[in-house]
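# Observations on chain architecture
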Amino acid sequence: MPEKVTWVNGKLQVPDEPIISFIEGDGIGPDIWKATVRVINAAVEKVYHGKRKIYWKEILAGEKAYHAVGDWLPQETVDTCKTHLIAIKGPLTTPIGEGFRSLNVTLRQELDLYACVRPVKWYPNVPSPLVHPEKVNMVIFRENTEDVYAGIEYAAASPEAQQLKQFLMQQLHAPKLTNDTALGIKIISEHGSKRLVRAAIRYALQQHLPSVTLVHKGNIMKYTEGAFRQWGYQVAEQEFAEQTFTWLEWERIKKTQNHEAADQALKMAHAQGKVIVKDIIADNFLQQLLLNPQDFSVIATMNLNGDYISDAAAAAVGGIGIAPGANINYETGHAVFEATHGTAPQFAHTDSMNPSSLILSAVMMLEYMGWEEAARAIVRGLSMAIMRKKVTIDFYRQMSDATLLHTSEFATEIIRHLDDPRTMGMMNMIE
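To continue, consider the overall build of the protein. A count of helical and extended segments in the protein gives 16 helices and 17 strands. In terms of overall size, the protein behaves like a compact globule, its C-alpha atoms giving a radius of gyration of 23 Å where 431 residues would be expected to give roughly 22 Å. Expressed as lengths along the three principal axes of its C-alpha atoms, the size of the protein is roughly 65 × 60 × 50 Å. Counting every position in the protein, which comprises 431 residues, the buried fraction comes to 52%. For the protein, contacts bridging at least 24 residues in sequence account for 73% of all contacts bridging at least 6. About 19700 Å² of surface is accessible on the protein, with carbon and sulfur atoms providing 52% of the total. Here the protein holds 42 positive side-chain charges and 49 negative ones, and the gap between their average locations is 3 Å.

Structure representation (structure tokens):
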């Protein structure tokens, strides 16, 4: 009997036959969703032998919703996401001049999905611009509801911009702003920052990962991004004091004792399995992502930085075509898993694009549900398909001796290898 997923006493309760909502998506969305749902269903059936099954409930958003009910994001869709907790979606078109900055951003804000979680790791044989892409294995926690994405922005010469400029110059003594200046307001709150960093640290502890790195531009934006850094360290030292060791503590030991003592304390923290909480300036991080990616395991950062960083990191391991993503509220259980790329309307209904982003987002969804066995089966199947160089056009163009597959054929290839024992050793390489 199909049942809703529920949230009880701070924990997700997933029945054996859960109802999971899905949004097909626009452009290539229908093609990659058809491939993805086949893979999910096959993995669940193969692993659980009929004891578990997902019942899919379609909800509307984007072009399909607009054509069906005249609304890009119907309230019924938002309400269903709230009541059913978990959803998965393909890419959505952002309407131009229709009042929405972004359907994705609106959905995240409506559900308060404050953590955008983006795992980034390399799968053997995936084309990469790096010499050693296998060193990239990190999870990015991007704050999802604040920063410039909060939507407070005024066009140059608009009445609102003129009023705000006058207030800034006359009341706050800001430097003179010309009449052709557009204005945006950057919002970074203590509450928003702390809950994001809290989620990142908890994830690192649960997954036994060595570090959490706060990425910011606090050297310039001292009261927004600098505050994010400060609040992040406060979470580590006040809420996880026994489980973490921070760079601030390293600095205190160095100052009160000496450099050698500080280094010894850091080594001891590593040996004890504590999570090392550190920070780095955003532009330096983008450089280190290419030079020393092995130094990072969990990243916590703000919305705009996270947008840049997650796409740059994805490029290091094959591009956003194979980059999964989730938007999660760890305090309410609400989660929307999604393809991280665009709709590519020129390739709609061609059955040609790579569905890996959505398929790996489904892996994240299954892990979130506690169905790790099915998640691992999908990773095995996808890994073997790529290892055998049976791939879609994006990878085919970058590989030698590869076999070109349609989207649907790639899904079939994954399903064929869901329980392939040859992938077991390879799983150790990519986990």
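Next comes the rest of the description.
Our next topic: the pairing of strand β15 (residues 335-339). Burial analysis of β15 places five of its five residues in the buried class, the great majority of the element. The side-chain alternation of β15 yields two buried faces, one formed by Ala 335, Phe 337 and Ala 339 and the other by Val 336 and Glu 338. Judged from the four bridges that link them, strand β5 (residues 86-89) and β15 form a sheet pairing that is parallel. Among the inter-strand pairings, Ile 88 is bridged to a residue of β15, identified as Phe 337.

It is worth spelling out the sheet that holds strand β4 (residues 55-58) at this point. In any sheet, the strands associate via hydrogen bonds between backbone groups, in a parallel or an antiparallel arrangement. The sheet built from 11 strands is open, its strands ordered β4-β3-β5-β15-β14-β6-β7-β13-β10-β12-β11 with mixed pairing. For this open sheet the edge positions go to β4 and β11 (244-246), each flanked by a neighbour on one side alone. Taking each pair of neighbouring strands and ignoring which way they run, the sheet shows an average axis angle of 25 degrees. Sheet strands in contact with helix α12 (residues 356-369) are β3 (19-23), β4, β5, β6 (115-121), β14 (324-328) and β15, and its direction is about 160 degrees off that of β15.

Now for helix α10 (residues 282-291). Along α10, the residues that are buried comprise Ala 282, Phe 285, Gln 288 and Leu 289. The arc that holds every buried residue of α10, seen down its axis, measures 110 degrees, which confines them to one face. When the buried face of α10 is taken as reference, the exposed residues oriented beyond 90 degrees from it are Leu 290 and Leu 291.

Let us now look at the pattern of salt bridges. A side chain of one charge can pair with a side chain of the opposite charge if their charged atoms are brought near each other. Enumeration over the complete set of coordinates arrives at 20 salt bridges. With a shortest N-O distance of 3.4 Å, Arg 118 and Asp 311 are connected by a salt bridge. With Arg 118 in strand β6 and Asp 311 in helix α11 (residues 303-316), the pair connects residues that are 193 residues apart, well separated along the chain. The exposure class assigned to Arg 118 is buried, which follows from its relative accessible area of 6%. Taking the shortest distance from any N to any O, the salt bridge between Lys 194 and Glu 190 comes out at 2.8 Å. Of this pair, Lys 194 and Glu 190 both sit in helix α6 (residues 190-206), four residues apart, which is roughly one turn of that helix. In the salt-bridge network here, residues are joined through shared partners; they are Glu 24, Glu 58 and Lys 64.

Rules used in this analysis
- Each chain carries its own residue numbering, running from 1 in the written order of its sequence.
- Local features in this predicted model are restricted to residues whose pLDDT is 70 or higher, and side-chain atom pairs enter the listing and the counts only when it is 80 or higher, whereas totals over whole chains, interfaces and linings include all residues.
- Side-chain measures were taken over the full set of non-hydrogen atoms in the model, leaving aside hydrogen atoms and water.
- Each helix corresponds to a stretch of at least 4 residues labelled H or I by DSSP, and each strand to a stretch of at least 2 residues labelled E; elements are numbered beginning at the N terminus.
- Atoms counted for the radius of gyration: C-alpha only. Globule rule: 2.2 Å times the number of residues to the power 0.38.
- Buried residues are those whose accessible area, probed at 1.4 Å on protein chains only, stays under 20% of the maximum for their type, while exposed residues exceed 50% and partly exposed ones sit between those limits.
- In what follows, a contact means two residues having at least one pair of non-hydrogen atoms within 4.5 Å.
- Each accessible area value is a Shrake-Rupley result obtained with a 1.4 Å probe; residue values ignore everything except the protein chains displayed when judging cover.
- Residues scored as positive are Lys and Arg, those scored as negative are Asp and Glu, and His as well as the terminal groups of each chain are ignored.
- The atom standing in for a charge is NZ when the residue is Lys, CZ when it is Arg, CG when it is Asp and CD when it is Glu.
- One bridge is not enough; two strands pair if DSSP finds at least two bridges between them.
- Axes, fitted as lines to C-alpha atoms, cover a helix only where it is in contact. Angles between the N-to-C directions of the axes lie from 0 to 180 degrees.
- What the arc measures is the spread of directions leading from the helix axis to the C-beta atoms.
- Only one rule defines a salt bridge in this text: a Lys or Arg side-chain nitrogen within 4 Å of an Asp or Glu carboxyl oxygen.

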